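Coordinate analysis (summary)
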Amino acid sequence: MQTRSRQQWTDRAIIAIMAVLGVFMLLPFMWLFSMSFRPVADAYKMPPSFLPPTFDLTNYRAVLASEIPFLQIYWNSIQIAVLVTVGQLITCTLAAFAFARLEFPGRDSLFFIMLVGLMFPAQVTIIPIYLGYAEAGLLNRPIGLALMYLTSSFGVFLVRQFMRSQPKALEEAALMDGAGYFKIFFRISLPQLRPALSALGIITFTQTWNYYFQARVLLEPQESMTLPVAMDMLRGFMGQGNLSMVMAAMSMAVLPVILIFLLAQKLVIEGVTMSGIKN
Amino acid sequence: MTAIAANRRSELKRAQARAGYLFILPSFALYLTFVLAPVIVTFLLAFTYYDAIDGASFVGLDNFKRFFTDGRSLEIFWNTLRFAFFAVTFNVGVGLALALALNRAMPAFLLYFFRLAFFLPVIIAAAFVSIVWGYFYGDDLGIINYYLIRLGITPVRWLTSSSTAMMSIIIMDVWKNTGFFMIIFIAALQGVPKTIMDAAIMDGASYWRRFSRIILPWISPVIFFNIVYASIGAMQVYESIVILTSGGPGDSTRSMSIYIVEEAFGSFEIGYAASVSVILTVVILILTSLQLIASRRWVSY
C-alpha cells in the first residue's frame, strides 16, 4: 500500500517536471507568434513577449505590402507541395499495386532497384540535376523542384507494405469475372488504401513544404523561391529593425504545417515515425 | 482442350505482365531520371575535372587525394563527424530519458500536450526554427543572454565564438529532433512485457535494476536503430548551420553539405564537389547497411 502511494507521487512529480519542460519546448514558437504582433518600434524591447501583447495585424499587412513578392513565394510553396503530394500519391500507388499484386518477369529485381534509392542523400544527386536543369531550362522554375519529387522509393515501399497486409481475395474474384487491371486498381484496391494514403500524403506535404537544400540550389531569384529559403533572405533584407515583420512572415509560413499537426496529430506522428522505420 | 486452356493462361500471363510494367512505368521512369542516373553521374564526375566549356576530363583519384590531404576539407570532415557524434548521442540519450519519463498513465489532454510540445519542433522546417533560434542566440540583443544577465550570469557568445558555436548548433538540433526518437522509444517501451516488470517489482528490484536488466536489453535493437538513423540525418546537416553561422566563425561549424554546395555552385569546382558528395554518400551507405543488418536482427527478435 505504502509503495503504491509513493509510486503515485513520483508519477505526479515526474509529469509535473515534464509539463514545465514541455512549455520550454514550445517557447520558441510562442515567441515567434507573439513577436509578430508587436509594433515594429518595440521589436527589440526587452523583456521579449511569449504571449501576444495585442492582436494587431499591422505587421502582417506590412509583409504583404512590402517589395518582397511574399504572396508569389507562398504560392510557389503551395504549388510545389500540392503537385508533389498528388504526384506521389498517384505514381507510388500505381507502382505499389504492380509490385504487390501483379506478377511479371523481373518484378522483384525492379523493386529492389527502387529500394536502393532510399540510401542516397540529396547531396549526391543535386549536381547532375542542376547541370541537367540548366540545359533543359528548368533552373529557377518552381516546377523543376516539383518534378524531381513526383515519385519516391519510400512511398512505393510504404504503400506496397500496406497493400500486402490486405486480403487479395476480392481482387482475385474480380479478375475471374474478367475485370481489367485498371478497374480492379481503382474500384477495389484504392478504397482499401485510405489509411496508408492519408499518412503518405501528410508526410509528403510537410516534407516538401520544408525542403531547403534542394530549393536553395535550384531556385535562386526571389520570384521563384519557396518559403524556407525566402525566410532566410527576408531576415537579411528586412534588416535589424523589422524583427516583428520577419516573425509575421514566419507565422504565415509555418501555419499550414501547424494546422495539419493540430488537426491530425496522431496521423502525423504515425506518418513521420513510419518514414523513419522505412528500412 | 488443354492446349486452348494453356494458351489462354499464357495470354493472361502476358496481359498481367503488360499491366505490371505499365503500372510501374511512371514511378520507375522518374526514379531513373532523378535518382539513379544522377547518382551514377555524380560518381563519374568525382573522377573528373569539370569545365563548363570543355566538359569533363578524367583525373583519376586526384579529387579524393585533394580532399584527404587538404587541411581545410579535413577540418570540415572532422566538423561533420564531431557534430554527428554529439547530436546523435544527445538526441538519442535525451529521447530515451523523455520516453522513460512519459511512459506512464496520464489523462488524454496531457498526452496530447506532450505530443504537441515534443513533436512540433520535429515537423517544422529546420530553416524556420533556426531563424528563431538565431534571435535567441544573439550576443547583445539575444533573448538567452538577456535572461542570463538578469540572473547575474556572464552572457555567452553563442554563435560568434568558434569554441561555442558548434555546441549551440547541437543544442538546437537536440531541441528540434529529440522528440522523434522519444516517440520511437515510447513505442518500444510499451512493448516491454508487463508481467515481467510486475514480477520484478514484486521481487523488490530497484528501478535501476529493472532498467538495466529488463528494459535496456528489451529495447536495445531500437536504441541501435535510433543511433544509426540519427547518424544518417546528422551527417547531412545543412540548413541549421547555414542559417545560424553560415559555417563560421572561420570554418569552425562548416559541414560537408555546405562545402559541397559552396564548391559546386560557388566556385564551380563540379568534379571536386562530386567527390565530396561521394565520400559523404559512402559514409551514409556504411551506416545504412549497419541499419539493414540490425533490422534483420530486430525482426528475428
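All of these numbers come straight from a predicted model, not from anything done at the bench.

Bringing the packing of aromatic side chains into the picture now. Enumeration according to the criterion identifies 39 aromatic pairs over all chains in this entry. Aromatic pair Phe185 of chain A and Phe186 of chain A: ring centres 5.2 Å apart, planes at 70°, arrangement edge-to-face. A relative accessible area of 49% places Phe186 of chain A in the partly exposed class. Relative to Tyr137 of chain B, the ring of Trp133 of chain B lies with its centre 5.4 Å away and its plane at 55°, an arrangement referred to as tilted. A residue is classified by how much of its surface remains accessible, and Tyr137 of chain B, at 2% relative accessible area, is buried. Pairwise contacts between aromatic rings join Phe29 and Trp31 of chain A together with Trp133, Tyr135, Phe136, Tyr137, Trp158 and Trp175 of chain B into one cluster. The side chain of Arg160 of chain A reaches across the aromatic face of Phe111 of chain A, ending 4.0 Å from its centre.

In this complex, chain A contributes 92 residues to the contact, which on the side of chain B involves 89 residues. Taken over both partners, the interface formed by chain A and chain B buries close to 8300 Å², and the fraction arising from carbon and sulfur atoms is 80%. Among the residues chain A hides against chain B, the three largest losses belong to Met25, Gln123 and Ile127 of chain A. Together they make up 8% of the total. Counting the contacts that link chain A with chain B gives one salt bridge. Between Arg104 of chain B and Asp11 of chain A there is a salt bridge, and its shortest N-O distance comes to 2.5 Å. Along the contact surface separating chain A from chain B lie 16 residue pairs in polar contact (both at pLDDT 80 or more). Per element, the largest residue contribution to the side of chain A that touches chain B is 16 residues, and it comes from helix 1 (residues 2-35) of chain A. Split by residue class, the side of chain A that touches chain B holds 71 nonpolar, 15 polar and six charged.

In terms of nonpolar packing, the biggest core is built from 163 residues, with Trp31, Leu218 and Met247 of chain A together with Phe128 of chain B touching the most fellow members. If you tally residues by element for this core, the top one is helix 7 (residues 165-189) of chain B, at 15 residues. Setting aside anything within four residues of it in sequence, one finds Met247 of chain A in contact with Trp31, Leu32, Met35 and Ser36 of chain A together with Ile131, Val132 and Tyr135 of chain B. Ranked by size, the runner-up nonpolar core spans 36 residues in total, among them Leu94 and Ala95 of chain A together with Ala19 and Leu36 of chain B.

Next up on the list: the environment of Ile17 of chain A. Secondary-structure assignment places Ile17 of chain A in helix 1. Distance in space between the C-alpha atoms of Ile17 of chain A and Leu138 of chain A is 52 Å, their sequence separation being 121 residues.

Between two packed helices, the angle of one axis relative to the other and the distance separating the axes together describe the packing. Residues and elements named next belong to chain B. Across the interface, helix 3 (residues 71-102) lies against helix 9 (residues 207-235) with an axial gap of 9 Å and an inter-helix angle of 140°. With respect to helix 9, the axis of helix 3 lies oblique. Like other packed secondary-structure pairs, helix 3 and helix 9 cross with a definite hand, here right-handed. For the pair formed by helix 3 and helix 9, the contact residues are Thr80, Leu81, Phe83, Ala84, Val88, Val92, Leu96 and Leu100 on the first element and Tyr207, Phe211, Ile215, Ile219, Ile223, Asn226, Ile227, Ala230, Ser231, Ala234 and Met235 on the second. Each residue belonging to the contact of helix 3 with helix 9 can be placed in one class, and the counts come to 16 nonpolar, three polar and no charged.

Bringing the pairing of strand 2 (residues 55-58) of chain B into the picture now. Successive residues of a regular strand alternate their side chains across the two faces of the sheet. Bridging between strand 1 (residues 48-51) of chain B and strand 2 of chain B involves four bridges; their strand directions are antiparallel. By the bridge assignment for strand 2 of chain B, Asp51 of chain B is matched with Gly55 of chain B.

Our next topic: a nonpolar patch on the surface. Together, Leu255, Leu259, Leu262 and Leu263 of chain A together with Tyr112 of chain B give the surface a local cluster of nonpolar side chains, amounting to about 480 Å² of exposed area. A relative accessible area of 75% places Leu263 of chain A in the exposed class.

To continue, consider the side chain of Asn63 of chain B. Residue and element names in this part refer to chain B. Relative to the helices and strands, Asn63 resides in helix 2 (residues 62-69). In this structure the side chain of Asn63 is engaged in a polar contact, spanning 2.9 Å, whose partner is the backbone oxygen of Thr48. Those residues in contact with Asn63 that sit more than four places away from it in its chain are Leu45, Ala46, Phe47, Thr48, Gly271, Tyr272 and Ser275.

All names here are of chain B. Here helix 4 (residues 108-123) spans 22 Å end to end across 16 residues, near enough to the 22 Å set by a 1.5 Å rise per residue. At Ala117, helix 4 shows its strongest bend, of approximately 30°, with the proline Pro121 following within four residues. Burial in helix 4 covers these residues: Leu110, Phe114, Leu116, Ala117, Phe118, Phe119, Leu120, Pro121, Val122 and Ile123.

All names here are of chain B. Taken together, the buried positions of helix 2 are Asn63, Phe64 and Phe67. In a view along the axis of helix 2, the buried residues occupy a sector of 95°, so they form one face of it. Exposed residues pointing more than 90 degrees away from the buried face of helix 2 are listed as Lys65 and Thr69.

All names here are of chain B. Along the chain, Ser246 falls in the loop between helix 10 (239-244) and helix 11 (256-266). On the basis of relative accessibility, which here comes to 47%, the residue Ser246 falls in the partly exposed class. Considering only alpha carbons, one finds Ser246 and Ile258, 12 residues apart in sequence, at a separation of 8.4 Å. If sequence neighbours within four positions are ignored, Ser246 has contacts with Ile241 and Arg254.

Okay, the confidence of the model for chain A next. Chain-level statistics for chain A give a pLDDT mean of 87 and a share of 95% at 70 or above. The element-level mean pLDDT for chain A is lowest in helix 14 (residues 265-276) of chain A, coming to 76, with helix 3 (residues 70-101) of chain A highest at 95.

Turning our eyes to something else, we now look at the packing of helix 9 (residues 181-192) of chain A against helix 10 (residues 194-210) of chain A. Residues and elements named next belong to chain A. One way to put it is that helix 9 packs onto helix 10 with a least axis distance of 5 Å and a crossing angle of 65°. Classified by the angle their axes make, helix 9 and helix 10 are roughly perpendicular. Along the contact surface, helix 9 presents Leu190, Pro191 and Gln192, while helix 10 presents Arg194, Pro195 and Leu197. For the contact of helix 9 with helix 10, the residue count by class is four nonpolar, one polar and one charged.

All right, on to the domain arrangement of chain A then. Quoted interface sizes are often the accessible area lost when the parts come together. Residues and elements named next belong to chain A. Along its sequence, chain A is carved into domain 1 (2-56) and domain 2 (63-276). Computed over C-alpha atoms, the centres of domain 1 and domain 2 are 33 Å apart. Across the boundary between the two partners, domain 1 contributes 10 residues, which contact 11 residues of domain 2. Of the roughly 970 Å² buried where domain 1 meets domain 2, counting both sides, 73% is carbon and sulfur surface. Between the two partners, domain 1 and domain 2, sit two residue pairs in polar contact (both at pLDDT 80 or more).

The next subject is the pattern of salt bridges. Residues and elements named next belong to chain B. One pass over the structure, following the stated rule, counts 11 salt bridges over all chains. For Glu269, the salt bridge is made with Arg66, and the minimal N-O distance between the two is 3.4 Å. Taken as a pair, Glu269 in the loop between helix 11 and helix 12 (270-299) and Arg66 in helix 2 lie far apart in primary sequence, 203 residues in all. Given the relative accessible area of 24%, Glu269 is considered partly exposed. Residue class for Arg66 comes out partly exposed when judged on its relative accessible area of 32%. Asp251 is the partner of Arg254 in a salt bridge, and the nearest nitrogen-oxygen pair spans 2.6 Å. Judged by its relative accessible area of 8%, Arg254 falls in the buried class. Exposure remark for Asp251: the relative accessible area of 16% places this residue in the buried category.

Rules and cut-offs
Residues numbered from 1 in each chain as written. Chains lettered and ligands numbered in written order. Predicted model: local features only at pLDDT ≥ 70, side-chain atom pairs only at ≥ 80, totals over all residues. Heavy atoms only, no water. Phe/Tyr/Trp six-rings, centres within 6.5 Å; stacked < 30°, edge-to-face > 60°. Buried < 20%, exposed > 50% of the residue type's maximum accessible area, 1.4 Å probe, protein only. Lys NZ or Arg CZ within 6 Å of the ring centre and 35° of its normal. Contact = heavy atoms within 4.5 Å. Buried area = accessible area lost by both parts, 1.4 Å probe. Salt bridge = Lys/Arg side-chain N within 4 Å of Asp/Glu carboxyl O. Polar contact = N/O pair within 3.5 Å; in protein donor to acceptor, adjacent residues only side chain to side chain. Helix = DSSP H or I, 4+ residues; strand = E, 2+ residues; numbered from the N terminus. Nonpolar A, V, L, I, M, F, W, Y, C, P; charged D, E, K, R; others polar. Core = buried A, V, L, I, M, F, W, Y, C linked by side-chain atoms within 4.5 Å. Axes fitted to C-alpha atoms, helices over the stretch in contact; angles between N-to-C directions. Parallel < 35°, antiparallel > 145°, perpendicular 65-115°, else oblique. Left-handed = near helix turned anticlockwise from the far one by under 90°. Pairing = 2+ DSSP bridges. Patch = residues over 30% accessible without salt bridge, like charges linked within 9 Å, V, L, I, M, F, W, Y side chains within 5 Å. Areas by Shrake-Rupley, 256 points an atom, 1.4 Å probe, with all protein chains shown as cover. Expected span 1.5 Å × (residues − 1). Bend = angle between axes of the 7 residues up to and from the residue. Arc of directions from axis to C-beta. pLDDT = per-residue confidence, 0-100. Domains from an automatic or database assignment.

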